[in-house]
Amino acid sequence: MPTSSPNPYLPFGENKHADWYGKDIISVKQFNRKDLEYIFGVAHEMRGMVERVGTFDLLKGKILANLFYEPSTRTSSSFTAAMERLGGSVIPINEVKYSSVTKGESLSDTIRTLECYADVIVLRHPETGSAAIAAKAAKKPIINAGDGIGEHPTQALLDTFTIMEELGRSSTGTRSGLENLTVTMLGDLKYGRTVHSLARLLSLFDNIKLNYVSPDILKMPKEVMDEVGAGNISQAEYSSLEKVLPETDVLYVTRVQKERFEDPADYEKVKGAYVIEPGMMKTAKQNMIVMHPLPRVTEISMDFDDDPRAAYFRQMEYGLYVRMALLAMVLGKA
Ligand code: ASP
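Reference entry: report on the structure contained in this document. Once a new chain begins, its residue numbering starts again from 1 and follows that chain's sequence as written. pLDDT decides what is reported in this predicted model: residues at 70 or higher carry local features, side-chain atom pairs at 80 or more are listed and counted, and totals for whole chains, interfaces and linings draw on all residues regardless. The basis for every side-chain value is the complete set of non-hydrogen atoms in the structure, without hydrogens or water.

1. Looking at the packing of helix α5 (residues 153-167) against helix α9 (residues 312-330)
To characterise two packed helices, one gives the angle between the axes of the helices and the distance between these axes.
Item 1. Orientation of α5 relative to α9, taken along the N-to-C sense of each, is 120°, at an axis distance of 8 Å. Taken together, α5 and α9 sit at an angle that is classed as oblique. Note on packing geometry: the crossing formed by α5 with α9 is right-handed. Residues T154, Q155, L157, L158, D159, F161, T162, E165 and E166 of α5 touch α9, and the partners they reach there are R314, Q315, Y318, G319, V322, R323 and L326.
Item 2. Side-chain classes follow a simple rule in which Ala, Val, Leu, Ile, Met, Phe, Trp, Tyr, Cys and Pro form the nonpolar group, Asp, Glu, Lys and Arg form the charged group, and the remainder, Gly included, forms the polar group. Classifying every residue of the contact of α5 with α9 gives 6 nonpolar, 5 polar and 5 charged. Comment: axis = line fitted to C-alpha atoms, over the contacting stretch for helices; angle = value between 0 and 180 degrees taken between N-to-C directions. For helices the rule is a DSSP run of H or I covering at least 4 residues; for strands it is a run of E covering at least 2, with both sets numbered from the N terminus onward. In what follows, roughly perpendicular refers to angles from 65 to 115 degrees, roughly parallel to angles under 35, roughly antiparallel to angles over 145, and oblique to any angle outside these ranges. By the definition used in this description, the sense in which the near helix is turned from the far one sets the handedness, with an anticlockwise turn below a right angle giving left-handed and a clockwise turn giving right-handed. Any pair of residues with heavy atoms lying within 4.5 Å of one another is described as a contacting pair.

Quick look at the structure:
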(Lines give C-alpha, C1' and ligand atoms only; values in the text may rest on other atoms or scores of the structure.)
Protein backbone atom coordinates (compact mmCIF):
# COMPACT_ATOMS: atom_id res chain seq x y z
CA MET A 1 0.00 0.00 0.00
CA PRO A 2 2.22 2.89 -1.14
CA THR A 3 1.44 6.27 0.40
CA SER A 4 0.95 8.93 -2.21
CA SER A 5 1.74 12.51 -1.38
CA PRO A 6 0.31 15.15 -1.34
CA ASN A 7 -2.74 14.07 0.60
CA PRO A 8 -5.43 13.11 -1.95
CA TYR A 9 -8.26 13.77 0.49
CA LEU A 10 -7.14 17.24 1.53
CA PRO A 11 -5.37 18.41 -1.62
CA PHE A 12 -5.04 22.01 -0.44
CA GLY A 13 -4.23 21.18 3.18
CA GLU A 14 -7.74 22.24 4.15
CA ASN A 15 -8.75 21.65 7.73
CA LYS A 16 -12.39 22.54 7.84
CA HIS A 17 -13.69 20.07 10.37
CA ALA A 18 -11.36 20.30 13.29
CA ASP A 19 -14.24 20.62 15.73
CA TRP A 20 -14.34 17.00 16.89
CA TYR A 21 -12.65 17.77 20.19
CA GLY A 22 -14.53 16.10 23.05
CA LYS A 23 -17.20 14.60 20.78
CA ASP A 24 -18.68 11.10 21.06
CA ILE A 25 -18.72 8.78 18.05
CA ILE A 26 -21.95 6.82 18.38
CA SER A 27 -23.47 6.49 14.93
CA VAL A 28 -22.52 7.06 11.30
CA LYS A 29 -25.52 9.38 11.15
CA GLN A 30 -23.23 12.01 12.73
CA PHE A 31 -21.10 12.30 9.58
CA ASN A 32 -21.43 14.21 6.33
CA ARG A 33 -19.21 14.11 3.25
CA LYS A 34 -16.95 16.91 4.50
CA ASP A 35 -16.40 15.01 7.75
CA LEU A 36 -15.39 11.91 5.79
CA GLU A 37 -12.92 13.91 3.71
CA TYR A 38 -11.44 15.29 6.89
CA ILE A 39 -11.24 11.93 8.71
CA PHE A 40 -9.71 10.19 5.69
CA GLY A 41 -7.28 13.06 5.21
CA VAL A 42 -6.09 12.63 8.81
CA ALA A 43 -6.00 8.82 8.38
CA HIS A 44 -3.84 9.29 5.30
CA GLU A 45 -1.43 11.45 7.34
CA MET A 46 -1.40 8.81 10.09
CA ARG A 47 -0.46 6.16 7.58
CA GLY A 48 2.43 8.26 6.30
CA MET A 49 3.67 8.82 9.87
CA VAL A 50 3.44 5.12 10.78
CA GLU A 51 5.37 4.23 7.63
CA ARG A 52 8.02 6.87 8.31
CA VAL A 53 8.47 6.78 12.09
CA GLY A 54 6.24 4.00 13.46
CA THR A 55 5.30 5.62 16.77
CA PHE A 56 5.10 9.30 17.67
CA ASP A 57 4.01 11.42 20.61
CA LEU A 58 0.82 13.15 19.46
CA LEU A 59 -1.23 11.70 22.35
CA LYS A 60 1.56 11.36 24.89
CA GLY A 61 0.09 11.37 28.40
CA LYS A 62 -3.44 10.53 27.20
CA ILE A 63 -5.18 7.36 28.35
CA LEU A 64 -7.77 5.24 26.53
CA ALA A 65 -10.09 2.84 28.37
CA ASN A 66 -10.99 -0.08 26.13
CA LEU A 67 -14.22 -1.51 27.60
CA PHE A 68 -15.39 -4.66 25.81
CA TYR A 69 -18.48 -6.59 26.98
CA GLU A 70 -18.34 -8.76 23.83
CA PRO A 71 -15.42 -10.62 22.23
CA SER A 72 -13.13 -8.69 19.92
CA THR A 73 -9.79 -9.21 18.26
CA ARG A 74 -9.39 -6.48 15.63
CA THR A 75 -11.37 -3.60 17.10
CA SER A 76 -9.86 -3.93 20.54
CA SER A 77 -6.28 -4.50 19.42
CA SER A 78 -6.39 -1.88 16.67
CA PHE A 79 -7.59 0.77 19.15
CA THR A 80 -4.79 -0.31 21.50
CA ALA A 81 -2.24 -0.16 18.68
CA ALA A 82 -3.64 3.20 17.52
CA MET A 83 -3.31 4.72 20.99
CA GLU A 84 0.17 3.32 21.53
CA ARG A 85 1.41 4.41 18.10
CA LEU A 86 0.30 7.91 19.09
CA GLY A 87 2.31 7.71 22.32
CA GLY A 88 -0.70 7.23 24.63
CA SER A 89 -1.58 4.33 26.90
CA VAL A 90 -4.50 1.97 27.41
CA ILE A 91 -6.57 0.52 30.27
CA PRO A 92 -7.73 -2.79 28.76
CA ILE A 93 -10.98 -4.27 30.06
CA ASN A 94 -11.49 -7.00 27.54
CA GLU A 95 -12.98 -9.45 29.94
CA VAL A 96 -15.69 -7.75 31.97
CA LYS A 97 -16.15 -10.87 34.07
CA TYR A 98 -13.05 -9.85 36.02
CA SER A 99 -14.44 -6.35 36.60
CA SER A 100 -17.18 -5.03 38.89
CA VAL A 101 -19.71 -5.67 36.11
CA THR A 102 -20.12 -9.20 37.57
CA LYS A 103 -21.00 -7.63 40.92
CA GLY A 104 -23.98 -5.99 39.22
CA GLU A 105 -22.50 -2.59 38.42
CA SER A 106 -24.52 -0.64 35.84
CA LEU A 107 -23.01 0.46 32.55
CA SER A 108 -23.36 4.11 33.56
CA ASP A 109 -21.48 3.57 36.83
CA THR A 110 -18.70 1.66 35.05
CA ILE A 111 -18.39 4.47 32.53
CA ARG A 112 -18.33 7.13 35.27
CA THR A 113 -15.57 5.17 36.98
CA LEU A 114 -13.41 4.77 33.91
CA GLU A 115 -13.65 8.40 32.92
CA CYS A 116 -12.01 9.32 36.22
CA TYR A 117 -8.90 7.55 34.94
CA ALA A 118 -9.08 7.85 31.15
CA ASP A 119 -9.46 10.62 28.55
CA VAL A 120 -11.54 8.59 26.09
CA ILE A 121 -13.55 5.34 26.32
CA VAL A 122 -14.05 2.80 23.54
CA LEU A 123 -17.11 0.67 24.30
CA ARG A 124 -18.43 -2.58 22.84
CA HIS A 125 -21.67 -3.87 24.34
CA PRO A 126 -24.31 -6.44 23.32
CA GLU A 127 -27.26 -4.05 23.61
CA THR A 128 -28.32 -1.69 20.84
CA GLY A 129 -28.32 1.86 22.17
CA SER A 130 -25.76 1.15 24.91
CA ALA A 131 -23.17 3.54 23.45
CA ALA A 132 -25.71 6.37 23.54
CA ILE A 133 -26.53 5.54 27.18
CA ALA A 134 -22.83 5.57 28.02
CA ALA A 135 -22.36 8.89 26.24
CA LYS A 136 -25.15 10.39 28.32
CA ALA A 137 -23.46 9.28 31.53
CA ALA A 138 -19.98 10.42 30.48
CA LYS A 139 -18.27 13.78 30.19
CA LYS A 140 -15.35 12.28 28.26
CA PRO A 141 -15.74 11.07 24.64
CA ILE A 142 -17.30 7.64 24.07
CA ILE A 143 -16.49 5.75 20.88
CA ASN A 144 -19.01 3.07 19.91
CA ALA A 145 -17.11 -0.11 19.00
CA GLY A 146 -20.32 -2.04 18.29
CA ASP A 147 -23.65 -1.93 20.17
CA GLY A 148 -25.42 -5.23 19.63
CA ILE A 149 -27.04 -5.36 16.21
CA GLY A 150 -27.17 -1.57 16.10
CA GLU A 151 -24.09 0.11 14.67
CA HIS A 152 -20.34 -0.20 14.31
CA PRO A 153 -19.42 3.30 13.12
CA THR A 154 -15.64 3.03 13.25
CA GLN A 155 -15.81 -0.16 11.17
CA ALA A 156 -17.95 1.61 8.56
CA LEU A 157 -15.46 4.48 8.45
CA LEU A 158 -12.56 2.10 7.90
CA ASP A 159 -14.60 0.16 5.34
CA THR A 160 -15.32 3.34 3.40
CA PHE A 161 -11.66 4.38 3.67
CA THR A 162 -10.71 0.96 2.29
CA ILE A 163 -13.05 1.39 -0.68
CA MET A 164 -11.68 4.90 -1.30
CA GLU A 165 -8.07 3.77 -1.14
CA GLU A 166 -8.65 0.73 -3.34
CA LEU A 167 -11.23 2.01 -5.84
CA GLY A 168 -12.14 5.61 -5.09
CA ARG A 169 -11.59 8.46 -7.50
CA SER A 170 -13.53 11.65 -8.13
CA SER A 171 -13.65 13.78 -11.24
CA THR A 172 -11.32 16.30 -9.56
CA GLY A 173 -8.67 13.64 -9.03
CA THR A 174 -9.04 13.46 -5.25
CA ARG A 175 -9.94 10.20 -3.58
CA SER A 176 -12.94 11.64 -1.82
CA GLY A 177 -15.43 10.50 -4.44
CA LEU A 178 -16.91 7.07 -4.98
CA GLU A 179 -18.23 7.08 -8.51
CA ASN A 180 -20.45 4.53 -10.18
CA LEU A 181 -19.69 1.75 -7.77
CA THR A 182 -21.85 -1.31 -7.19
CA VAL A 183 -21.50 -2.59 -3.63
CA THR A 184 -22.95 -6.03 -2.89
CA MET A 185 -23.50 -6.92 0.77
CA LEU A 186 -23.73 -10.65 1.36
CA GLY A 187 -24.78 -12.86 4.26
CA ASP A 188 -26.30 -11.86 7.58
CA LEU A 189 -27.71 -8.44 6.85
CA LYS A 190 -30.25 -8.65 9.67
CA TYR A 191 -27.91 -8.98 12.64
CA GLY A 192 -24.71 -7.62 11.06
CA ARG A 193 -24.10 -4.21 12.60
CA THR A 194 -21.23 -3.51 10.20
CA VAL A 195 -23.52 -3.55 7.17
CA HIS A 196 -26.12 -1.42 8.97
CA SER A 197 -23.51 1.27 9.48
CA LEU A 198 -21.82 0.86 6.09
CA ALA A 199 -25.06 1.08 4.08
CA ARG A 200 -25.99 4.27 5.95
CA LEU A 201 -22.55 5.79 5.39
CA LEU A 202 -22.51 4.95 1.67
CA SER A 203 -25.86 6.70 1.26
CA LEU A 204 -23.89 9.96 1.55
CA PHE A 205 -22.56 9.30 -1.96
CA ASP A 206 -24.55 9.78 -5.14
CA ASN A 207 -23.58 7.10 -7.56
CA ILE A 208 -23.59 3.93 -5.55
CA LYS A 209 -25.78 0.95 -6.18
CA LEU A 210 -26.34 -1.30 -3.18
CA ASN A 211 -27.26 -4.96 -3.66
CA TYR A 212 -28.33 -6.92 -0.60
CA VAL A 213 -27.93 -10.69 -0.95
CA SER A 214 -29.14 -12.78 1.99
CA PRO A 215 -31.32 -15.71 3.03
CA ASP A 216 -34.92 -14.65 3.52
CA ILE A 217 -34.66 -14.64 7.32
CA LEU A 218 -31.53 -12.46 7.33
CA LYS A 219 -32.61 -9.53 5.16
CA MET A 220 -31.44 -5.97 5.67
CA PRO A 221 -33.83 -4.35 8.22
CA LYS A 222 -36.53 -2.15 6.73
CA GLU A 223 -35.55 0.70 9.04
CA VAL A 224 -32.01 0.76 7.56
CA MET A 225 -33.32 0.48 3.99
CA ASP A 226 -35.73 3.37 4.58
CA GLU A 227 -32.94 5.58 5.92
CA VAL A 228 -30.59 4.65 3.08
CA GLY A 229 -33.39 5.17 0.56
CA ALA A 230 -33.69 8.79 1.65
CA GLY A 231 -30.29 9.37 -0.02
CA ASN A 232 -29.59 9.37 -3.74
CA ILE A 233 -28.75 5.69 -3.94
CA SER A 234 -30.40 2.59 -5.40
CA GLN A 235 -31.02 -0.58 -3.40
CA ALA A 236 -32.13 -4.05 -4.46
CA GLU A 237 -32.57 -7.36 -2.62
CA TYR A 238 -31.60 -10.82 -3.87
CA SER A 239 -31.32 -14.32 -2.46
CA SER A 240 -28.63 -15.49 -4.89
CA LEU A 241 -25.23 -13.93 -5.59
CA GLU A 242 -24.88 -15.32 -9.11
CA LYS A 243 -26.82 -12.62 -10.92
CA VAL A 244 -25.15 -9.60 -9.29
CA LEU A 245 -21.57 -10.86 -8.95
CA PRO A 246 -20.45 -9.83 -12.48
CA GLU A 247 -21.49 -6.17 -11.93
CA THR A 248 -20.08 -5.96 -8.39
CA ASP A 249 -17.14 -3.64 -7.58
CA VAL A 250 -17.14 -4.31 -3.83
CA LEU A 251 -18.34 -7.62 -2.45
CA TYR A 252 -18.82 -7.13 1.30
CA VAL A 253 -19.13 -10.56 2.90
CA THR A 254 -20.42 -11.02 6.46
CA ARG A 255 -20.44 -13.82 9.02
CA VAL A 256 -23.78 -15.29 10.05
CA GLN A 257 -24.00 -13.94 13.61
CA LYS A 258 -24.63 -17.17 15.51
CA GLU A 259 -24.72 -15.44 18.90
CA ARG A 260 -27.71 -13.25 17.90
CA PHE A 261 -30.13 -16.04 16.92
CA GLU A 262 -33.04 -16.74 19.26
CA ASP A 263 -33.55 -20.25 17.83
CA PRO A 264 -30.33 -22.25 17.15
CA ALA A 265 -32.25 -24.30 14.55
CA ASP A 266 -32.60 -21.15 12.43
CA TYR A 267 -28.83 -20.63 12.55
CA GLU A 268 -28.28 -24.22 11.40
CA LYS A 269 -30.54 -23.60 8.39
CA VAL A 270 -28.60 -20.59 7.09
CA LYS A 271 -25.05 -20.93 8.42
CA GLY A 272 -23.52 -22.17 5.18
CA ALA A 273 -25.78 -20.22 2.83
CA TYR A 274 -22.92 -18.58 0.87
CA VAL A 275 -19.28 -19.52 0.44
CA ILE A 276 -16.91 -17.47 -1.70
CA GLU A 277 -14.39 -19.70 -3.43
CA PRO A 278 -12.01 -19.19 -6.39
CA GLY A 279 -14.15 -21.03 -8.98
CA MET A 280 -17.21 -18.82 -8.61
CA MET A 281 -15.07 -15.65 -8.62
CA LYS A 282 -14.25 -16.26 -12.31
CA THR A 283 -17.43 -14.40 -13.21
CA ALA A 284 -16.43 -11.36 -11.11
CA LYS A 285 -14.49 -8.35 -12.45
CA GLN A 286 -10.72 -8.38 -12.26
CA ASN A 287 -10.55 -4.97 -10.58
CA MET A 288 -13.21 -5.57 -7.94
CA ILE A 289 -12.46 -6.19 -4.24
CA VAL A 290 -13.78 -8.61 -1.65
CA MET A 291 -14.11 -7.22 1.87
CA HIS A 292 -15.10 -8.78 5.21
CA PRO A 293 -15.15 -7.16 8.67
CA LEU A 294 -13.83 -10.48 10.05
CA PRO A 295 -13.83 -12.87 11.79
CA ARG A 296 -14.75 -15.20 8.94
CA VAL A 297 -16.03 -18.64 9.66
CA THR A 298 -16.77 -20.53 6.44
CA GLU A 299 -18.13 -17.78 4.19
CA ILE A 300 -14.85 -17.11 2.36
CA SER A 301 -12.70 -20.11 1.47
CA MET A 302 -9.04 -19.72 2.48
CA ASP A 303 -8.22 -20.78 -1.08
CA PHE A 304 -9.29 -17.29 -2.16
CA ASP A 305 -6.89 -15.45 0.18
CA ASP A 306 -4.03 -15.15 -2.34
CA ASP A 307 -6.26 -13.56 -4.98
CA PRO A 308 -5.32 -9.86 -5.32
CA ARG A 309 -9.03 -9.03 -5.07
CA ALA A 310 -9.10 -10.36 -1.49
CA ALA A 311 -8.91 -7.03 0.35
CA TYR A 312 -9.95 -8.22 3.83
CA PHE A 313 -6.44 -8.30 5.28
CA ARG A 314 -5.56 -4.89 3.83
CA GLN A 315 -8.88 -3.62 5.25
CA MET A 316 -7.63 -4.36 8.80
CA GLU A 317 -4.55 -2.24 8.26
CA TYR A 318 -6.60 0.71 6.98
CA GLY A 319 -8.53 0.37 10.26
CA LEU A 320 -5.46 1.24 12.30
CA TYR A 321 -5.04 4.58 10.49
CA VAL A 322 -8.72 5.49 10.74
CA ARG A 323 -8.78 4.71 14.47
CA MET A 324 -5.60 6.75 15.01
CA ALA A 325 -7.34 9.62 13.23
CA LEU A 326 -10.49 9.32 15.34
CA LEU A 327 -8.57 9.22 18.64
CA ALA A 328 -6.50 12.25 17.66
CA MET A 329 -9.64 14.12 16.62
CA VAL A 330 -11.72 13.54 19.75
CA LEU A 331 -8.71 14.33 21.93
CA GLY A 332 -8.22 17.65 20.15
CA LYS A 333 -4.96 16.83 18.40
CA ALA A 334 -6.08 16.69 14.76
N1 ASP B 1 -16.19 -7.93 13.98
C2 ASP B 1 -17.45 -7.50 13.45
C3 ASP B 1 -18.36 -6.99 14.55
O4 ASP B 1 -17.94 -6.85 15.66
C5 ASP B 1 -18.10 -8.52 12.58
C6 ASP B 1 -18.49 -9.81 13.20
O7 ASP B 1 -18.36 -10.02 14.42
O8 ASP B 1 -18.94 -10.68 12.45
O9 ASP B 1 -19.50 -6.69 14.28
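We are not done yet, so read on.
2. Some remarks on helix α3 (residues 107-117)
Item 1. Relative accessibility thresholds used throughout: buried, under 20% of the residue-type maximum; exposed, over 50%; partly exposed, between the two (1.4 Å probe, protein chains only). Listed as buried for α3 are L107, S108, T110, I111, L114 and E115. Angularly, the buried residues of α3 cover 160° about the axis, an arc narrow enough to put them on a single face. Opposite the packed face of α3, turned more than 90 degrees from it, sit the exposed residues C116 and Y117.
Item 2. Contact partners of the buried residues in α3: β1 (63-68), β2 (89-93), β3 (120-125), α4 (130-137) and β4 (142-147). In this context, the arc is that of the directions from the helix axis out to the C-beta atoms.

3. A look at the site of the ligand
Item 1. Every residue lining the ligand is accounted for by R124, H152, R193, T194, R255, Q257, P293, L294 and P295.
Item 2. With respect to the ligand, the side chain of R193 contributes an N or O atom lying 2.8 Å from an oxygen atom.
Item 3. L294 is positioned such that a nitrogen or oxygen atom in its backbone is 2.9 Å from a nitrogen atom of the ligand.
Item 4. Against a free-state accessible area of 260 Å², the protein chains account for coverage of 91% of the ligand.
Item 5. Using a grid of 1 Å spacing that covers the protein atoms alone, one calls a set of points a cavity when a 1.4 Å probe fits there but cannot get out, and a pocket when the set is open and has protein on both sides within 12 Å along at least five of seven lines; lining residues are those with an atom within 4 Å of a point. Put plainly, a molecule is in a cavity or pocket when over half of its atoms are within 2 Å of the grid points there. With respect to the pocket detection grid, the ligand is positioned in the largest pocket.
Item 6. Taken together, the residues that form the shell around the ligand break down as 3 nonpolar, 3 polar and 3 charged. Each residue is tested against the molecule or strand, and it is near if at least one of its non-hydrogen atoms lies within 4 Å. In the analysis that follows, any N or O atom pair within 3.5 Å is treated as a polar contact, provided that within protein one partner can donate a hydrogen and the other can accept it, and provided that, for residues neighboring in sequence, both atoms belong to side chains. Per-residue accessibility takes into account occlusion by the displayed protein chains alone, with areas from the Shrake-Rupley method and a 1.4 Å probe.

4. Re the sheet that holds β4
Item 1. A pair of strands counts as paired when DSSP detects no fewer than two bridges linking them. Ordered by their spatial adjacency, 4 strands build an open sheet running β2-β1-β3-β4, and the pairing between neighbours is parallel. Of all the strands in the sheet, just β2 and β4 have a single pairing partner and so form its edges. Looking at each pair of strands side by side, their axes are set apart by 15° on average, direction ignored.
Item 2. Seen against the sheet, α4 touches β3 and β4 and runs at an angle of roughly 160° to β4.

5. Section: the layout of surface pockets
Picture a little ball the size of a water molecule; that probe, rolled over the atoms, points out where space is still empty.
Item 1. Grid points are joined across faces, edges and corners, and a volume is the space filled by probe spheres set on the points. Empty space within the largest pocket amounts to approximately 510 Å³.
Item 2. Along the walls of the largest pocket sit 29 residues, with R124, R193, P293, L294 and P295 positioned nearest its centre.
Item 3. Elements represented by at least two residues in the lining of the largest pocket include exactly α2 (74-85), α5, α6 (193-202) and α9.
Item 4. Take the lining of the largest pocket: its biggest share by element is 5 residues, from α9.
Item 5. Partitioning the lining of the largest pocket into residue classes produces 7 nonpolar, 14 polar and 8 charged.
Item 6. Taken as a whole, the second largest pocket encloses approximately 220 Å³ of empty space.
Item 7. Around the second largest pocket, the lining comprises 17 residues; the ones closest to its centre are T128, G150, E151, R200 and E223.
Item 8. Of all the secondary structure elements, the ones that give two or more residues to the lining of the second largest pocket are β4, α6 and α7 (222-229).

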